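Commentary on secondary and tertiary structure
Letter by letter, the chains look like this.
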Amino acid sequence: IDDSKLTYRAPNLQDPIQTQIETLSLKAPNPRGTVDVTATGTYKQRKLTLAGTVGSFESLHSTAAPYPVKLKGQVGDLQAVVDAGIRQPLEFQGIGGGISLGGKSLSELYDVLGIPLPKTGPFQFQGQVQEQGEDWALKDFRGRLGQSDLAGTITIRTAGARPKIEADVTSEAMHLADFSGFWASKGTPPAAAGGHIFSTQPFSLPKLNRMDAAIKFRGRAIEGDAIKLQDLALTLGLDNGLLRLKPIEFGLEKGRIDADATLDGRQAAPQMAGHVRINGLDLNALLTQFGIRTKSTGSLRGDMTLSMQGRSPHELAASAAGKGLVVMGGGSISDLLLQ
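Cut-offs and rules
- Residues numbered from 1 in each chain as written.
- Predicted model: local features only at pLDDT ≥ 70, side-chain atom pairs only at ≥ 80, totals over all residues.
- Heavy atoms only, no water.
- Helix = DSSP H or I, 4+ residues; strand = E, 2+ residues; numbered from the N terminus.
- Buried < 20%, exposed > 50% of the residue type's maximum accessible area, 1.4 Å probe, protein only.
- Contact = heavy atoms within 4.5 Å.
- Lys, Arg positive; Asp, Glu negative; His and termini not counted.
- Charge placed at Lys NZ, Arg CZ, Asp CG, Glu CD.
- Pairing = 2+ DSSP bridges.
- Core = buried A, V, L, I, M, F, W, Y, C linked by side-chain atoms within 4.5 Å.
- Phe/Tyr/Trp six-rings, centres within 6.5 Å; stacked < 30°, edge-to-face > 60°.
- Salt bridge = Lys/Arg side-chain N within 4 Å of Asp/Glu carboxyl O.

Topic: the overall build of the protein
- Each helix and strand counted, the protein has 5 helices and 19 strands in total.
- Summarising its shape, the C-alpha atoms of the protein cover approximately 85 × 35 × 30 Å along the three principal directions.
- In the protein, which comprises 339 residues, the proportion classed as buried is 35%.
- Pairs at least 24 residues apart make up 40% of the contacts formed inside the protein by residues separated by at least 6 positions.
- If the 36 positive side-chain charges of the protein are averaged to one point and the 34 negative ones to another, these points end up 2 Å apart.

Points about the pairing of strand β14 (residues 228-239)
- As paired elements, strand β13 (residues 212-223) and β14 share 10 bridges and run antiparallel to each other. Directly across from E223, in β14, lies its bridge partner K228.
- When β14 meets strand β15 (residues 242-251), the two strands line up antiparallel, connected through 7 bridges. The residue of β15 that forms the bridge with L236 is L245.

Considerations on the nonpolar core
- Counting residues in each nonpolar core, the largest one holds 42 residues, and the members touching the most others are L150 and F217.
- For L150, the residues in contact, after removing those within four places along its chain, are F125, F141, R142, G143, L145, V169, T170, S171, F179 and F217.
- V54, Y67, V69 and L71 belong to the second-largest nonpolar core, a separate cluster that totals 8 residues.

Structural notes on unusual backbone geometry
- The omega angle of the peptide bond from K246 to P247 is -5 degrees, so this bond is cis rather than trans.
- Considering the arrangement of structural elements, one finds P247 in strand β15.
- You will see that F92, though not glycine, has its phi angle at about 55 degrees, which is positive.
- Relative to the assigned elements, F92 resides in the loop between β6 (78-88) and β7 (93-103).

Here we look at the packing of aromatic side chains
- Under the criterion given, the structure shown has 2 aromatic pairs.
- Both rings, one in F125 and one in F141, keep their centres 5.5 Å apart while their planes meet at 90 degrees; by these two values the pair is edge-to-face. Of this pair, F125 sits in strand β8 (residues 123-132) while F141 sits in strand β9 (residues 135-145), and the two are 16 residues apart along the sequence. Both residues of the pair, F125 and F141, belong to the buried class.
- These aromatic residues form a ring-pair network of at least three members: F123, F125 and F141.

Notes on the pattern of salt bridges
- For the structure on display, the rule yields 11 salt bridges.
- Across the pair R277 and D260 runs a salt bridge, and its minimum N-O distance is 3.6 Å. Linking R277 in strand β17 (residues 271-282) with D260 in strand β16 (residues 256-264), this pair joins segments that are 17 residues apart in sequence.
- If you follow the salt bridges from partner to partner, you end up with D135, R157, K164 and E166 in one network.

Right, dumping it as structure tokens:
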């Protein structure tokens with residue numbers, strides 16, 4: 001097939017999907033033989049290449065074994081290698097097998113597949129893909145996003161009013177900067193905004209309202225701009241713009257913090273409420289995280305309840321109000337720290 005165009009329209013699509021086929025070749029020695037596939041063209045105005053093998057024409061009508069598919073393709077910067085089987089190939093149902101997926105940004109999955117993910121750094125994942133009706137799962141995956149390693153299982157459910165992502169993910173070394181696109185959009189860089197500890201970049205509310213989520217995460221080492229965390233565990237729920245983090249548990253160099261929080265992204269200036277519990281936190285270790293070096297010592301315990309509202313992490317922190325108590329025993333506070 002040469003110089004052809006395929007247009008796909010559906011009620012849930014704002015715009016039709018356009019595929020230009022420069023060349024598409026299917027070659028098989030006989031109806032029972034493996035079919036060699038090659039293709040070039042464009043998909044949604046992105047360059048498309050495809051090569052590999054699929055099962056015989058005869059096996060398309062057989063349900064005795066999954067229809068084999070071994071393909072390597074690229075759409076724009078998104079690259080995929082698939083070694084899978086399809087139980088019902090003519091209906092394109094019952095897909096399962098190995099997949100390797102990589103690209104320059106997770107946002108390419110939205111551009112190509114309609115999965116609403118933000119701009120990130122380069123990524124590369126390998127795992128087992130499984131399709132069940134309107135659900136797609138990436139099981140036992142391992143890979144990297146920017147400088148962060150990730151492993152676990154992710155399921156995308158498409159049957160509801162919004163796509164829902166369910167995930168159980170772990171990380172040995174995670175950099176928060178690799179994930180900033182999930183909550184921030186382009187704005188004033190912190191350095192240009194007076195070097196605030198909390199970012200002045202506004203939240204991207206459309207991203208909160210574009211999908212639902214139920215995520216469990218465990219991270220051994222988490223590194224941000226101003227702080228390093230250890231043994232982070234959190235459960236995240238996102239439902240129609242209402243984000244819940246309960247619980248959030250993590251350690252610093254010495255001591256632990258337990259918290260829970262909600263962020264209501266259904267209005268222009270999000271509202272946030274949280275409860276923070278401090279247990280055995282070493283004062284000097286905490287200050288060192290923020291580049292403050294003093295001779296202050298002591299172990300902190302405390303309990304705080306906060307509420308805040310703002311369009312960025314900086315605005316949220318600046319508007320914080322609430323009550324709490326922090327007690328330090330067996331230590332000292334330097335005059336410099338008091339000043």
